[in-house]
Amino acid sequence: MLPKNKRLRNSADFAAVYKQGKYVVSRQLVLYYRKNTGTAEIRVGFVASKKLGASTVRNRCKRLLREAVRRLLPEIKPGYDLVLVSRPPLKTERFQNIVATLARLLRKAGLMENKNEETSCLEH
RNA sequence: UGAGCAAGCUGGGCAGCCGCGACUUUUUUAAGUUGAGGAAAGUCCGGGCUCCGCAGGGCAGGGUGCUGGAAAACGUCCAGUGAGGGCGACCUCAAGGAAAGUGCCACAGAAAACAAACCGCCUUUUUUUAAAGGUAAGGAUGAAACGGUGCGGUAAGAGCGCACCAGCAGCCUGGCGACUGGCUGGCUUGGUAAACCCCACCCGGAGCAAGACCAAAUAGGAGGGAUUAAGGAUGGCCCGUCCGCCCCUCGGGUAUGGUCGCUGGAGGUGCCAGGCAACUGGCAUCGUAGAUAGAUGGCUGCCACUCCUGCACAGGAGUACAGAACCCGGCUUACACGCUUGCUCGGCUU
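Below, the structure is looked at part by part. (Residues numbered from 1 in each chain as written. Chains lettered and ligands numbered in written order. Predicted model: local features only at pLDDT ≥ 70, side-chain atom pairs only at ≥ 80, totals over all residues. Heavy atoms only, no water.)

### Concerning the pattern of salt bridges
Tallying each qualifying case throughout the model produces four salt bridges. As a salt-bridge pair, Glu67 and Arg70 come within 2.9 Å of each other at their nearest N and O atoms. Of this pair, Glu67 and Arg70 both sit in helix α2 (residues 55-72), separated by three residues, roughly a single helical turn. On the basis of relative accessibility, which here comes to 40%, the residue Arg70 falls in the partly exposed class. Between Glu67 and Arg71 there is a salt bridge, and its shortest N-O distance comes to 3.7 Å. Residue Glu67 and its partner Arg71 are located together in helix α2, separated by four residues, close to a single helical turn. Among the ionic contacts, a cluster of salt bridges with common partners joins Arg34, Arg43 and Asp81. (Salt bridge = Lys/Arg side-chain N within 4 Å of Asp/Glu carboxyl O. Helix = DSSP H or I, 4+ residues; strand = E, 2+ residues; numbered from the N terminus. Buried < 20%, exposed > 50% of the residue type's maximum accessible area, 1.4 Å probe, protein only.)

### A short note on the pairing of strand β1 (residues 22-25)
Across four bridges, β1 lies against strand β2 (residues 29-35) in antiparallel orientation. Paired with Val24 across the strands is Leu31, a residue of β2. (Pairing = 2+ DSSP bridges.)

### Some details on the packing of α2 against helix α3 (residues 95-108)
With their axes 9 Å apart at the nearest point, α2 and α3 run at an angle of 60° to one another. Classified by the interaxial angle, the pair formed by α2 and α3 is oblique. In terms of crossing hand, the pair formed by α2 and α3 is right-handed. Mapping the contact onto sequence places Leu64, Leu65, Glu67, Ala68, Val69, Arg71 and Leu72 in α2 and Phe95, Ile98, Val99, Leu102, Ala103 and Leu106 in α3. Tallied by class, the residues present in the contact of α2 with α3 amount to 11 nonpolar, no polar and two charged. (Axes fitted to C-alpha atoms, helices over the stretch in contact; angles between N-to-C directions. Parallel < 35°, antiparallel > 145°, perpendicular 65-115°, else oblique. Left-handed = near helix turned anticlockwise from the far one by under 90°. Contact = heavy atoms within 4.5 Å. Nonpolar A, V, L, I, M, F, W, Y, C, P; charged D, E, K, R; others polar.)

Now the structure itself:
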């Protein structure tokens, strides 16, 4: 889990990331990102729409994503706002694969600091 | 031991590491404590609480509907009554009124409700194939045909007469009551009220995004006095009530952010007493989530269970339904593997 100051928490921030940011897509999730000049923190928001299913399913998807972000947090470039949107295949995915998928999307967006040590985050 | 009926419980367990929300302490960055459900769900009822306001009357509208009790209240629960089903344990019931009125009763059938008469039966007339009259036993249709069965009676028949049964009315007995049991009477009244309707009882509206406060930004409000009309508010309509226009006084209001409301309550457990029970009273004891893009997650080990591969060992996959959002009482719906108690009907053995 992430502490409160590293999460996106109001709708204006979400709207700014959607409107001004770029995005990368995989089968399981979508990553929106936007450079935030006001802070050196990384702030992340999590989204699970009702298309995924009941509230237990949506909660589980968001928790898995939060945990994945926490694992990768030391390697992400600071000063960005991120939004992670869950897509239906995420429901049945195993946690290790979610971490790998997220790392691949972050590299694709150019947000990882040390591209050489690609697999370090997976060694748990 | 088999088949069933009823009531209830559990909701994978134990450790370790890394994290998150809240609270407490604190050297201010750490430590400790604590952290989803029986349905948290559907939002179908009822109440607490909050505001609007005065809720006053009538009409309209909505709800409930055997009796008694419980309860803050209910459409809930308990105990009964009646009807229906099951060999039984037991289960089901939207169970007031059809003699206040209106409507409807498809198809079939002669006829579906102030009765009527297709075939038939009987009498008379007659050209022996019809007419007039009587009749509602029998046939045929239908979910339902104007009480049922039997005896008498008759031209043939009919509550026309009688007995029993069903139903109706009155009286008496038992019961707080629904109702039950009995006697007497006159002989008889289709179904449908989850059709309109009638009767009895109940119902002001909106809901924690209620509502209170603070900050910035922006421009509206409260109290008093006076008072004509149009107009507006009071869930719908009518009456009634209030506001509007002007003057004076006061400083305050709005879902962007924050604080409160926010969890100790019709509270849980045990014992005793009252009650058939729902439940009530007394005493003792327990402390039990409060988030707001919304906290419960990830990994490892052992054990339990299910499925697949499989001779065993072993390996792999998985562990239901589902996530608090102001709080309670219910209802309804969902739920893997299991467990407990009581009872019924059989089989076998003694």
